[in-house]
Amino acid sequence: MKTDRYINLKRFRGFVVKEFHHIFRDVRTLVILFGIPVIQLLLFGFVVTNEIRDAKIAVFDQSKDYITTRITQKIVSSGYFKIDRKLESASQIEDVFREGNIKMVVMFEAGFARKLEKDGQAGIQVITDASEPNTANILVNYLNSVTLSYMASQQKALQQMQIIPEVRMKYNPELKGVFLFVPGIMAMLLILISALMTSISITREKELGTMEVLLASPLRPFQIISGKVMPYILLSFMNAVLIILISFFVFQIPVHGNLLLLLGECLLYIITALSLGILISTLTSSQQIAMMISLVGLMLPTILLSGFIFPVENMPLILQGLCYLMPPKYFITIIKSIMLKGAGFSYVWKETLILAGMTLFFLFLSIKKFKTRLE
Amino acid sequence: MVNSDDIIIARDLVKKFGDFTANDHLTFSVKKGEVFGFLGANGAGKTTAIKVLCGLSYPTSGELTVSGYNIYTHREKIKQNIGYMSQKFSLYEDLSIVENIHFYAGIYGLSNKVIRERTEELIGMLDLQNVRNKLIKDLPLGWKQKISFSVAIFHRPSVVFLDEPTSGVDPITRRQFWQMIYDAAHSGITVFVTTHYMDEAEYCDRVSIMVDGKIVALDTPLNLMRLNDSVNMEGVFLKLARQ
């Protein structure tokens, strides 16, 4: 009936207006909604990075000939290293590492240039501080590439057959860490905020006792929940747009694929997160517990198990299995494909389908739980 | 016993949670325009009963008709015709008085014109002109309680359910609140109220006393006192609860 539909629409509008009042009158909610995402994104983007610049190293040159000088110059000019000290004896090596500033010692053997010209080979020993294994690895790789490029430049002079692979880093040629982090952060923030805000706002009504009054009214549970969730869909979507804008203008992360597809996938993921929030709020009627579940139960797994920082392929099998249950994992794959590789829907339909399936599953569980509570 | 004037008819109403029987075969009826009290100690099953009557939870077995509608088949119709005020007053603290009224009125599908007229009437009656745009959290408890009750009957339901509406408010406010209940009853709204204040029980037209999930007595306060040789309801209650 037309009048019924009109009344329902009016009820729904009233509900959404009320929800916006709650949001805009609570500074805490506003901070969580818009402050935290921006700060997190900027923090992660600038601070958490795999790139290392100006790492302090020490050089122990026992040869001091024209080739070792040239290689040392190359090491310095690469920008990755800064020579902090020149060592005179092997006994100093242990001491500089103990001091802690020096990350790596590069040692040229005695008679370097002579050996290289006579035998065609000479040794560089690289000693790193592996108490920080990741840094050590990265530094060794940087140094390798510096010496390789020196060798390449000398190739003609040396007249030796060498196979030098030409490496092309596709989709992120400068190997910027931020390219990896932004999709991850986006996945984390959207799921955290959407699930956290919905679960808190629903449990708040339970705590206040207003939920009972709403349930005793002619509103159907479906209307109550969709009325509560609608504003958060809008706000989370604005958040997604904000994150894409910041990553474009501040971190120069391109969007190679279709922008509409990207936004559509964001919307789907937001709805997945909201349905998780609804599910959480059916499990508890306390705001505190809802917050704990959202923070501990969603944030940590998202950081650890979504392939955001640690590659899924390297995990023990059980954890890999867990990873496949994480909605963020699929979302990260989707946005990386769209933003960085310019992939179209035909490449991400599988992940999209999985996210949609998860959403339906969460909603189904919530409805079931809600019904048993009434009985 | 079935009477067209009966607004609530419950027959053998049972509500179980697992092995625990919260409501054990409740049979009673409430007349139109009556102030019907539901008296019992904490845990006697009052709140459970009121939730079943409001359609907030399903009965395990038994017959229940509210406002002429069957609870199993016409739950939505019932909800349109009842008002409910919970123990917690259930107003939104971060909304103003007028916003709360408009929100709840909107849920019941009242037209904007009706909402506007009744809001002004209510604001005038409760003398809230100067605070109409104040947030609920800035108001004293007694005011919240009165506003909450007014909101619960704003859509002119045929019956309003009040779940311990006076817990935590001072005696003077309680007295004023009961005046509001009488006014509502005079305008034809049936009032179903649970309480554990014995003096309030005396204000009701009829009282049912619940002990351990069962109704052990149901009559007018005067009859109950006479039958149990008591001068007040407290005596009646203590006598019945001890049995």
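Keep in mind that what you see is a predicted model, and the values were worked out from it rather than measured.

What counts and how
- Residues numbered from 1 in each chain as written.
- Chains lettered and ligands numbered in written order.
- Predicted model: local features only at pLDDT ≥ 70, side-chain atom pairs only at ≥ 80, totals over all residues.
- Heavy atoms only, no water.
- Helix = DSSP H or I, 4+ residues; strand = E, 2+ residues; numbered from the N terminus.
- Rg over C-alpha atoms; globule rule 2.2 N^0.38 Å.
- Buried < 20%, exposed > 50% of the residue type's maximum accessible area, 1.4 Å probe, protein only.
- Contact = heavy atoms within 4.5 Å.
- Areas by Shrake-Rupley, 256 points an atom, 1.4 Å probe, with all protein chains shown as cover.
- Lys, Arg positive; Asp, Glu negative; His and termini not counted.
- Charge placed at Lys NZ, Arg CZ, Asp CG, Glu CD.
- Buried area = accessible area lost by both parts, 1.4 Å probe.
- Salt bridge = Lys/Arg side-chain N within 4 Å of Asp/Glu carboxyl O.
- Polar contact = N/O pair within 3.5 Å; in protein donor to acceptor, adjacent residues only side chain to side chain.
- Nonpolar A, V, L, I, M, F, W, Y, C, P; charged D, E, K, R; others polar.
- Patch = residues over 30% accessible without salt bridge, like charges linked within 9 Å, V, L, I, M, F, W, Y side chains within 5 Å.
- Pairing = 2+ DSSP bridges.
- Axes fitted to C-alpha atoms, helices over the stretch in contact; angles between N-to-C directions.
- Domains from an automatic or database assignment.
- Phe/Tyr/Trp six-rings, centres within 6.5 Å; stacked < 30°, edge-to-face > 60°.

## Observations concerning the overall build of chain A
And then number 1: A tally of helices and strands in chain A yields 15 helices and 4 strands.
And then number 2: Computed over C-alpha atoms, the radius of gyration of chain A comes to 28 Å, more than 25% over the 21 Å expected from 2.2 N^0.38 for 375 residues, which places it beyond the range of a compact globule.
And then number 3: Each principal axis of the C-alpha atoms in chain A carries an extent, and together these give about 95 × 45 × 40 Å.
And then number 4: Counting only residues that meet the buried cut, chain A has 46% of its 375 residues in that class.
And then number 5: Put simply, 77% of the contacts in chain A that link residues at least 6 apart link residues at least 24 apart.
And then number 6: Accessible surface for chain A amounts to roughly 19,800 Å². Of this, 64% is attributable to carbon and sulfur atoms.
And then number 7: Here chain A contributes 37 positive and 26 negative side-chain charges, whose respective centroids are spaced 11 Å apart.

## Some thoughts on the interface of chain A and chain B
And then number 1: On the chain B side, the residues contacting the 26 residues of chain A number 31 residues.
And then number 2: Each partner contributes to the roughly 2,600 Å² buried at the junction of chain A and chain B, and carbon and sulfur atoms together form 59% of this total.
And then number 3: Remark: the boundary between chain A and chain B carries 2 salt bridges.
And then number 4: For the interface between chain A and chain B, the tally reads 13 residue pairs in polar contact (both at pLDDT 80 or more).
And then number 5: Counting residues per element, the ones that place at least two in the side of chain A that touches chain B are helix H1 (2–24), helix H8 (177–208) and helix H9 (210–216) of chain A.
And then number 6: It is H1(A) that contributes the most residues to the side of chain A that touches chain B, 8 residues altogether.
And then number 7: Class assignment of the residues belonging to the side of chain A that touches chain B gives a composition of 10 nonpolar, 6 polar and 10 charged.

## Remarks on a nonpolar patch on the surface
Residues and elements named next belong to chain A.
And then number 1: Among the surface-exposed residues, Ile39, Leu43, Phe46, Val47, Leu245, Phe248, Phe249 and Val250 lie close enough to one another that they form a single nonpolar patch of about 810 Å² accessible area.
And then number 2: Those elements giving two or more residues to the nonpolar patch turn out to be helix H2 (27–46) and helix H10 (221–249).
And then number 3: With respect to the secondary-structure elements, phenylalanine 248 resides in helix H10.
And then number 4: For phenylalanine 248, a relative accessible area of 41% translates into the label partly exposed.

## Section: the sheet that holds strand S1 (residues 6–17) of chain B
All names here are of chain B.
And then number 1: Across the sheet, 4 strands lie side by side as S2-S1-S4-S5; this open sheet has antiparallel pairing. Every interior strand has two partners, whereas the edge strands, strand S2 (20–31) and strand S5 (69–70), have only one.
And then number 2: Where S1 and S2 come together, 8 bridges link them in antiparallel fashion. By the bridge assignment for S2, lysine 15 is matched with asparagine 23.

## Looking at the sheet that holds strand S3 (residues 104–108) of chain A
Residue and element names in this part refer to chain A.
And then number 1: On the basis of which strands lie adjacent, the open sheet formed by 4 strands has the order S2-S1-S3-S4 and mixed pairing. The outermost strands of the open sheet, each flanked by one partner alone, are strand S2 (81–86) and strand S4 (124–128). Here the average twist between neighbouring strands, direction ignored, is 30°.
And then number 2: As defined by bridge partners, S3 adjoins S4 across 5 bridges and the pair is classed as antiparallel. The residue of S4 that forms the bridge with phenylalanine 108 is isoleucine 124.
And then number 3: Across the face of the sheet, helix H4 (residues 91–99) comes into contact with strand S1 (55–61), S2, S3 and S4 while running at roughly 160° to S3.

## Points about the side chain of A:Thr284
All names here are of chain A.
And then number 1: By the secondary structure assignment, threonine 284 is in the loop between helix H11 (259–283) and helix H12 (287–305).
And then number 2: A polar atom in the side chain of threonine 284 sits 3.0 Å from the backbone nitrogen of serine 286.
And then number 3: Apart from residues no more than four positions distant in its own chain, threonine 284 is found in contact with Thr203, Lys206, Ile289 and Ala290.

## Comments concerning the domain arrangement of chain A
And then number 1: Examined at the domain level, chain A breaks down into domain 1 (2–48 + 177–374) and domain 2 (55–158).
And then number 2: The centre of domain 1 of chain A, based on its C-alpha atoms, is set 49 Å off from the matching centre of domain 2 of chain A.

## Comments concerning unusual backbone geometry
And then number 1: Unlike most non-glycine residues, B:Glu164 shows phi in positive territory, near 40°.
And then number 2: A positive phi angle is found at B:Asp229, which is not glycine, with a value near 55°.

## Focus: the environment of B:Ala41
All names here are of chain B.
And then number 1: By the element assignment, alanine 41 lies in the loop between strand S3 (35–40) and helix H1 (46–54).
And then number 2: On the basis of relative accessibility, which here comes to 38%, the residue alanine 41 falls in the partly exposed class.
And then number 3: Sequence separation between alanine 41 and histidine 196 is 155 residues; the distance between their C-alpha atoms is 6.1 Å.

## Description of the pattern of salt bridges
A side chain of one charge can pair with a side chain of the opposite charge if their charged atoms are brought near each other.
And then number 1: Counted under the stated rule, the structure contains 21 salt bridges over all chains.
And then number 2: Between A:Arg25 and B:Glu99 there is a salt bridge, with its nearest N and O atoms 2.8 Å apart. Of the two residues, A:Arg25 is situated in the loop between H1 and H2 and B:Glu99 in helix H3 (residues 97–107); the pairing between them involves two chains.
And then number 3: Of the charged contacts, one joins A:Lys228 and A:Glu205 as a salt bridge, the two residues approaching to 2.8 Å between their closest N and O atoms.

## Some thoughts on the packing of aromatic side chains
Two aromatic rings, taken as a pair, are described by how far apart their centres are and by the angle between their planes.
Residue and element names in this part refer to chain B.
And then number 1: Enumeration over the complete set of coordinates arrives at 21 aromatic pairs over all chains.
And then number 2: With 6.2 Å between their ring centres and 35° between their planes, phenylalanine 28 and phenylalanine 192 make a pair best called tilted. Remark: phenylalanine 192 occurs in strand S8 (residues 190–195) and phenylalanine 28 occurs in strand S2; sequence separation between them is 164 residues. Like phenylalanine 192, phenylalanine 28 is buried.

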